[in-house]
Amino acid sequence: MNKILAGVRKELKSNIDLEYKKGVTNYFNEKVTFLGVRTPVMRKIGKKYFKNIKDLEKKEIFNLCEQLLKTSYNEESHMAFQWAYEIKKQYTKDDFKIFERWLKTYVTNWGMCDDFCTHSFGYLISQYPEFIQNIKGWTKSKNRWVRRASAVVFISNGWRYYVGKKYFPTIFYIAEQLLTDEDDLVQKGYGWMLKTASLSREKEIFDFVMKNKKEMPRTALRYAIEHMPRNMKDKAMAK
């Protein structure tokens, strides 16, 4: 196990791009720590080393993921989420507690939040929608990343089936709970959720925006209507 992690870390460090490292932090307002490895390179390394662990028990793979999450480097955290997603077909209901703990303990910026929620966590919830009630509770969290996650977790590919059917009202519930959140990254999160949902339910999202636009921060509103026709955008933006 230690040899795998040591190999990963050695290879990551040998692929540091100082120019990339200098620029990537500009996308974050909060403190972030990057080695400076470009995402495609990091993914390639992750895929290479996953071949060495793919036959391990899920518990052992999750343990390796957590060891990566415990470091301060974003690249290692993203690799942890990459490995967790590789074994998505093995997820069970018991994994919800593990993922929720990871979210609340290790996620410290929007990049980590979005990567985790649009892949591993989103897939888990799409398979076990009974946990939606737990997700709804995240909207009241003091942790900004947990509140953002309550929306972003519904953007995964697995959820595109559900949002068009019986669970679609959940989208509105989450948006209503986060509607006046003062954190701009939470606003962008639920705006992004609405934007994604508008691809299949444009009229419903437009009606929601029109109903709530006086209270909805402009940041969230702009995200929500991004894919809509010009005439809808003009109506939504009009004061």
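Residues numbered from 1 in each chain as written. Predicted model: local features only at pLDDT ≥ 70, side-chain atom pairs only at ≥ 80, totals over all residues. Heavy atoms only, no water.

> Quick question: what am I supposed to make of the overall build of the protein chain here?
When its secondary structure is counted, the protein chain shows 15 helices and zero strands. A globule of 239 residues ought to have a C-alpha radius of gyration of about 18 Å, and the protein chain, at 19 Å, matches this closely. Taken over the C-alpha atoms alone, the protein chain extends approximately 60 × 40 × 30 Å along its principal axes. Within the protein chain, the fraction of its 239 residues that count as buried is 52%. (Helix = DSSP H or I, 4+ residues; strand = E, 2+ residues; numbered from the N terminus. Rg over C-alpha atoms; globule rule 2.2 N^0.38 Å. Buried < 20%, exposed > 50% of the residue type's maximum accessible area, 1.4 Å probe, protein only.)

> Explain the side chain of R147 here, please?
With respect to the helices and strands, the residue R147 is situated in helix α9 (residues 144–152). Residue class for R147 comes out buried when judged on its relative accessible area of 12%. A polar contact is formed between the side chain of R147 and the backbone oxygen of S141, at a distance of 3.1 Å. For R147, the contacting residues outside a window of four places in its chain are W138, T139, S141, K142, L178, D181, D183 and V186. (Polar contact = N/O pair within 3.5 Å; in protein donor to acceptor, adjacent residues only side chain to side chain. Contact = heavy atoms within 4.5 Å.)

> What should I look at first to understand helix α5 (residues 74–86) in this one?
Along an α-helix, a turn takes 3.6 residues, which lines up residues three or four apart on a common side. The first and last C-alpha atoms of α5 sit 19 Å apart over 13 residues, in line with the 18 Å expected at 1.5 Å per residue. Buried residues dominate α5, accounting for eleven of its 13 residues. Of all the residues in α5, the buried ones are N74, E75, E76, S77, H78, M79, A80, F81, Q82, W83 and A84. Turning to α5, the residues buried within the fold contact α1 (2–13), α3 (39–50), α4 (58–69), α6 (95–106) and α7 (110–127). (Expected span 1.5 Å × (residues − 1).)

> Just checking my understanding: could you explain the packing of α4 against α6 for this structure?
Helix-helix packing is characterised by the crossing angle of the two axes and by the distance between the axes. α6 packs onto α4 with a crossing angle of 5° between their chain directions and a minimal axis gap of 12 Å. Classified by the interaxial angle, the pair formed by α4 and α6 is roughly parallel. Facing α4, whose interface residues are K58, F62, C65, E66 and L69, α6 presents D95, I98, F99, R101, W102 and Y106. (Axes fitted to C-alpha atoms, helices over the stretch in contact; angles between N-to-C directions. Parallel < 35°, antiparallel > 145°, perpendicular 65-115°, else oblique.)

> What am I meant to see in the pattern of salt bridges here?
Oppositely charged side chains can form a pair if their charged atoms are brought close together. Enumeration over the complete set of coordinates arrives at 17 salt bridges. When the shortest N-O distance is used, the salt bridge between E11 and K48 registers 3.1 Å. Placement of E11 in helix α1 and of K48 in helix α3 is noted, with a sequence separation of 37 residues between them. By relative accessible area, which is 44% here, K48 ends up partly exposed. (Salt bridge = Lys/Arg side-chain N within 4 Å of Asp/Glu carboxyl O.)

> Hey, could you run me through α1 in this one?
With twelve residues, α1 extends 16 Å from end C-alpha to end C-alpha; this agrees with the ideal 16 Å at 1.5 Å per step. Within the span of α1, buried status applies to I4, L5, G7, V8 and L12. Angularly, the buried residues of α1 cover 160° about the axis, an arc narrow enough to put them on a single face. Away from its buried face, by an angle of more than 90 degrees, α1 presents the exposed residues N2, K3, K10 and K13. Packed against the buried residues of α1 are α3, α4 and α5. (Arc of directions from axis to C-beta.)

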